[in-house]
Amino acid sequence: MSTKWSLTIDCAHPGKLAEFWALALGYVEPPPPAGFTSWEAQFIDWGLPEEEWDDGAYLSDPDGVGPSLSFLKVPESKVVKNRLHLDLRVGGGREIPWETRWPRVTAEVERLTAAGATVVREHELNGRPDHVEMADPEGHEFCVV
């Protein structure tokens, strides 16, 4: 039996970062818990002050297969390279011919750059481009492969 898990990302602006990752991954905001018509209704029920409603954001895989993501507001900014990062495997894997795989990678890099990501570095393998290291709008590194 495997363990269900989720990934939590510390950030300055949870809602904005969740919007970027929803676009990048095709994830969605999960529906409010049973018995509530909205997340705000649940926050009110919990007694959560309105000024704290944007202290977190949550995403889920619409197919229910992938892990959920949480974005939590923290006071400190990111200062060093991640020790854990996501690989967005849009190219199909190295078993796919480079001529097919690389245009998929570059198209995704262009799409994510337009959404606020930045290119950190392009990595090569055997003398030609292989994957692209990027950073999300708050500087968290990830790769497009």
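A brief structural summary. (Residues numbered from 1 in each chain as written. Predicted model: local features only at pLDDT ≥ 70, side-chain atom pairs only at ≥ 80, totals over all residues. Heavy atoms only, no water.)

**Remarks on the nonpolar core**
This is how the line gets drawn: Take the buried residues of types Ala, Val, Leu, Ile, Met, Phe, Trp, Tyr and Cys, join any two whose side-chain atoms come within 4.5 Å, and each joined set is a nonpolar core. A simple rule labels every residue: compare its accessible area, found with a 1.4 Å probe on the protein chains alone, to the largest value its type can have, and call it buried under 20%, exposed over 50%, or partly exposed in between. Under the scheme used here, helices are H or I runs from DSSP no shorter than 4 residues and strands are E runs no shorter than 2 residues, and both carry numbers assigned from the N terminus. We call two residues contacting when some pair of their heavy atoms lies within 4.5 Å.
Within the largest apolar cluster, 24 residues are counted, with the highest numbers of intra-cluster contacts made by Trp-21, Leu-59, Phe-71, Leu-112, Met-134 and Phe-142. Listing elements by their share of this core, those giving two or more residues are strand S1 (6-11), helix H1 (14-25), strand S2 (56-59), strand S3 (68-73), helix H3 (98-114), strand S6 (128-135) and strand S7 (141-144). By residue number, the principal contributor to this core is H1, which donates six residues. Phe-71 has contacts with Ile-9, Cys-11, Pro-14, Leu-17, Ala-18, Trp-21, Asp-55, Gly-56, Ala-57 and Leu-59, leaving out every residue within four places of it along the chain.

**Brief notes about a negative patch on the surface**
Note the threshold: Distance thresholds for patches are 9 Å for like charges and 5 Å for nonpolar side chains (Val, Leu, Ile, Met, Phe, Trp, Tyr), applied to residues having over 30% relative accessible area and no salt bridge. Surface accessibility follows the Shrake-Rupley procedure with a 1.4 Å probe radius. Residue values consider only the protein chains on display as shielding. A side-chain nitrogen of Lys or Arg and a carboxyl oxygen of Asp or Glu constitute a salt bridge if their distance falls within 4 Å. Here the positive residues are Lys and Arg and the negative ones are Asp and Glu; neither His nor the chain ends is included. In plain terms, the charge of a residue is placed at NZ if it is Lys, CZ if Arg, CG if Asp and CD if Glu.
A surface patch of negative charge is lined by Glu-29, Glu-40, Glu-50, Glu-51 and Glu-52. Residue placement: Glu-40 occurs in helix H2 (residues 39-46).

**Re the sheet that holds strand S4 (residues 86-88)**
Note the threshold: For two strands to count as paired, DSSP must find a minimum of two bridges between them. To define axes, lines are fitted to C-alpha atoms, for helices over the stretch in contact only, and angles between the resulting N-to-C directions are given on a 0 to 180 degree scale.
The four strands are arranged S4-S7-S6-S5 in an open sheet whose pairing can be described as mixed. Only two strands of the sheet have a single partner each, and these edge strands are S4 and strand S5 (118-125). The average angle at which neighbouring strand axes cross in this sheet is 30 degrees, direction not considered. Direction of pairing for S5 relative to S6: antiparallel, over a ladder of seven bridges. Paired with Val-119 across the bridge in S6 is Met-134. Contacts from H1 reach S4 and S7, with the element oriented near 45 degrees to S4. Packing against the sheet, H3 makes contact with S4, S5, S6 and S7, and its axis sits at approximately 20 degrees to S6.

**Here we look at the pairing of S7**
Residue alternation in S7 divides its side chains into two sets, Glu-141 and Cys-143 and Phe-142 and Val-144, and both sets are buried. Here S4 pairs with S7 via three bridges, running parallel. If you follow Leu-88 over to S7, its bridge partner there is Val-144. As defined by bridge partners, S6 adjoins S7 across four bridges and the pair is classed as antiparallel. Residue Ala-135 lies in a different strand from S7, and its bridge partner there is Glu-141. A loop of five residues connects S6 with S7, the two strands running antiparallel in sequence, and Gly-139 in this loop sits at a positive phi of about 95 degrees.

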